[in-house]
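The residues making up each chain are set out below.
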Amino acid sequence: MEYALEARSVTKTYKMGEVEVRAVDGASLAVPRGGFVSLMGPSGSGKTTLLNLLGCVDRPSGGDIFIDGSPVSRMSDAELDRTRLLRIGFVFQRVNLIPILTALENVELPMEMAGMGGAERTRRALELLDSVGLSNRAGHKPSQLSAGEQQRVGIARAMANRPSVILADEPTGNLDSASAASVMSLLAELNRQSAQTLVIVTHDPEVGNAAQNKVVIRDGKIYSAERTPGAVD
């Protein structure tokens, strides 16, 4: 089986004064292409640290991460930057849209950074906004959008460069229940219809159970990995 994302015995250690803390401790995880995995665990369990390692935001202290079969340990900093730009899409709890840009311009930005021409990136950005139900909000700035609409723009932006995998860190954490359900429905639909690989960190059992597979992390270790009952392939 080909994996979009793989962690092999990954460890991340931090120094806090004289104390060494293992935020991630020998974690191994394989996410197949088109898979949908939730990472769950209590605060401080290491799940966000693991997500950052999977997303090449940080390098592991030990072990290795593989993106589409390519080992991260062999990549230069420039190659890592390119990998984050082209192969990985990020969705954050705080959406981090640029406030002075419109929804359309926010979605266009990753494509501009990748060197895509103006007409092509505008066309794709409009298609992406339409796919998340915001074609009529393209000219609005973040302050003119609801929290749920902002998160949908964030999802469209994450999809901009056709990444192999989307990593989402508490994507519903700042939303009311109706907006959260709408965002999760959109992410699940992307997974089902577009075979988009998804890895989501969440505290919410309902969000976690929406995934095909649920991984529970405690004290930096993967405590269990199980198929979610009723998951849709």
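Going by the structure above, here's the rest.
Read on for a plain summary of the structure. (Residues numbered from 1 in each chain as written. Predicted model: local features only at pLDDT ≥ 70, side-chain atom pairs only at ≥ 80, totals over all residues. Heavy atoms only, no water.)

Focus on the pattern of salt bridges
Quick reminder of the rule: One speaks of a salt bridge when a side-chain nitrogen belonging to Lys or Arg is within 4 Å of a carboxyl oxygen belonging to Asp or Glu. The buried label goes to any residue with under 20% of its type's maximum accessible area, the exposed label to any with over 50%, and the partly exposed label to all in between, with areas taken from a 1.4 Å probe on protein chains only. The secondary structure listing takes helices from DSSP runs of H or I that are at least 4 residues long and strands from runs of E that are at least 2 residues long, numbered from the N terminus.
Enumeration over the complete set of coordinates arrives at 11 salt bridges. Here Arg8 and Glu6 are joined by a salt bridge, their closest N and O atoms 3.1 Å apart. Given the relative accessible area of 42%, Arg8 is considered partly exposed. Close ionic contact of Asp25 with Lys221 constitutes a salt bridge, the shortest N to O distance being 2.9 Å. With a gap of 196 residues between them, Asp25 in strand 2 (residues 19-32) and Lys221 in strand 10 (residues 221-227) connect regions that are remote in the sequence.

Describing the sheet that holds strand 2
Paired through their backbone hydrogen bonds, the strands of a sheet run either parallel or antiparallel. Put simply, the rule reads: Note on pairing: DSSP must find at least two bridges between two strands before they are called paired.
As summarised here, the arrangement of the four strands in space is 2-1-4-5, forming an open sheet in which the pairing is antiparallel. Looking at strand neighbours, the two that pair on one side only are strand 2 and strand 5 (70-71), the edges of this open sheet. Across 10 bridges, strand 1 (residues 3-16) lies against strand 2 in antiparallel orientation. Considered in strand 2, the bridge of Glu6 is made with Ala30.

Considering the environment of Leu126
Basically, it comes down to this: By the convention used here, residues are in contact when the closest approach between their heavy atoms is within 4.5 Å.
As for its position among the elements, Leu126 is in helix 4 (residues 118-131). The exposure class assigned to Leu126 is partly exposed, which follows from its relative accessible area of 39%. Taking the C-alpha atoms as reference points, Leu126 and Val207, separated by 81 residues in sequence, lie 28 Å from one another. In this view, Leu126 contacts Leu104 and Ala138; residues no more than four positions away in its chain are not counted.

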